[in-house]
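# Residue-level structure breakdown
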Amino acid sequence: MHVIWKRPDGFQNALPDDFRRVALSNGAHLWLHRHELDWYPFQVSGDWEGQDQTKRLNRLVNMLDAPLSSWKTYLEQLSDDELDDKESQSSVKIVSNLVEWIQDLEHSAKGHTWEIEIVRCALKDILEKLKNFT
């Protein structure tokens, strides 16, 4: 499995107004598509779960500048979805699983050195947000 960053140049014939910028903790800015929240800016590939993982990761990345209340709502929804399938898992366990998954992804970044740095910083910033819910 690996994570790649889809650069904004040429993404689905997008125009500059189709993007918004989010500041990462390392001082870099990540361009996020305003409407394509599932498939941009990253792609997780390498196994059959890649599409679901891509969607989940991109949803989290697109919430980096969202208030904690939005994170809480998203995690509650995610927890409810997971609890329907696995009644024994608590919301804390769901967040713990997300943290573990993000930490695994940190080691799977592929690309040029600066692309890997952007992916890893975004993942680190997601982990910082998730710490509020553990």
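Here the structure is a predicted model, which means the values were calculated and not measured. (Residues numbered from 1 in each chain as written. Predicted model: local features only at pLDDT ≥ 70, side-chain atom pairs only at ≥ 80, totals over all residues. Heavy atoms only, no water.)

### Comments concerning the overall build of the protein
Our working definition: The numbering of helices and of strands both runs from the N terminus, where a helix is a DSSP run of H or I of at least 4 residues and a strand a run of E of at least 2. Per-residue accessibility, obtained with a 1.4 Å probe over protein chains only, is compared with the maximum for each type, and a residue is labelled buried under 20%, exposed over 50%, and partly exposed between these values. Any two residues whose heavy atoms approach within 4.5 Å are treated as being in contact. For every accessible area listed, the method is Shrake-Rupley and the probe measures 1.4 Å; residues are considered covered only by the protein chains on display.
Counting its regular elements, the protein contains 4 helices and 4 strands. What you see in the protein, going N to C, is helices and strands ordered as β-β-β-β-α-α-α-α. In the protein, which comprises 134 residues, the share counted as buried stands at 42%. Put simply, 54% of the contacts in the protein that link residues at least 6 apart link residues at least 24 apart. Accessible surface, the protein as shown: approximately 7,800 Å² in total, 46% of it carbon and sulfur.

### Thoughts on the environment of Lys 124
Inspection of the secondary structure assignment puts Lys 124 in helix α4 (residues 113-130). When the C-alpha atoms of Lys 124 and Leu 24 are compared, they prove to be 9.3 Å apart, with 100 residues separating the residues in sequence. Setting aside chain neighbours within four positions, we find Lys 124 in contact with Ser 25 and Glu 106.

### Overview of the pattern of salt bridges
Which entries qualify depends on this criterion: In the sections that follow, a salt bridge refers to a side-chain nitrogen of Lys or Arg positioned within 4 Å of a carboxyl oxygen of Asp or Glu.
Following the criterion strictly, the structure yields 5 salt bridges and no others. When the shortest N-O distance is used, the salt bridge between Arg 20 and Asp 65 registers 2.8 Å. With Arg 20 in strand β2 (residues 19-23) and Asp 65 in the loop between α1 (50-61) and α2 (68-85), this pair connects stretches of sequence that are 45 residues apart. With a relative accessible area of 47%, Asp 65 lands in the partly exposed category.

### Some details on unusual backbone geometry
The omega torsion of the bond from Tyr 40 to Pro 41 falls at 20 degrees, within 30 degrees of zero and hence cis. Along the chain, the position of Pro 41 falls in the loop between β3 (29-33) and β4 (42-45).

### Topic: the packing of α1 against helix α3 (residues 91-106)
Counted only if it meets this: Each axis is a line fitted through C-alpha atoms, and for a helix only the stretch in contact is used; angles between axes span 0 to 180 degrees, taken between their N-to-C directions. Oblique is the label for any angle not covered by the other classes, which are roughly parallel (under 35 degrees), roughly antiparallel (over 145) and roughly perpendicular (65 to 115).
Put simply, α1 and α3 touch, their axes get as near as 12 Å, and they point 100 degrees apart. If you check the angle between α1 and α3, you find them roughly perpendicular. Of α3, the residues touching α1 (which contributes Gln 53, Arg 56, Leu 57 and Leu 60) are Leu 98, Trp 101, Ile 102 and Leu 105.

### Some details on the packing of α3 against α4
Which entries qualify depends on this criterion: We call a crossing left-handed when the near helix sits turned anticlockwise from the far one by less than a right angle, and right-handed when that turn is clockwise.
As a packed pair, α3 and α4 sit with axes 10 Å apart at the nearest point and diverge in direction by 165 degrees. Relative to α4, the element α3 is oriented roughly antiparallel. By crossing handedness, the relation of α3 to α4 is classed as left-handed. Between α3 and α4, the contacting residues are Val 95, Leu 98, Val 99, Ile 102, Gln 103, Leu 105 and Glu 106 on the first element and Arg 120, Leu 123, Lys 124, Ile 126, Leu 127 and Leu 130 on the second.

### Section: the nonpolar core
What counts is decided by this rule: Here the nonpolar core consists of buried residues drawn from Ala, Val, Leu, Ile, Met, Phe, Trp, Tyr and Cys, with membership extended through side-chain atoms lying within 4.5 Å.
In terms of nonpolar packing, the biggest core is built from 36 residues, with Leu 30, Phe 42, Leu 57, Trp 71, Ile 102 and Ile 126 touching the most fellow members. Put simply, the parts of the chain that give this core at least two residues each are β1 (2-5), β3, β4, α1, α2, α3 and α4. The element contributing the most residues to this core is α4, with 9 residues. Setting aside residues no more than four positions away along its own chain, Leu 30 makes contact with Trp 5, Arg 20, Arg 21, Val 22, Leu 24, Pro 41, Phe 42, Val 61, Ile 118 and Ala 122.

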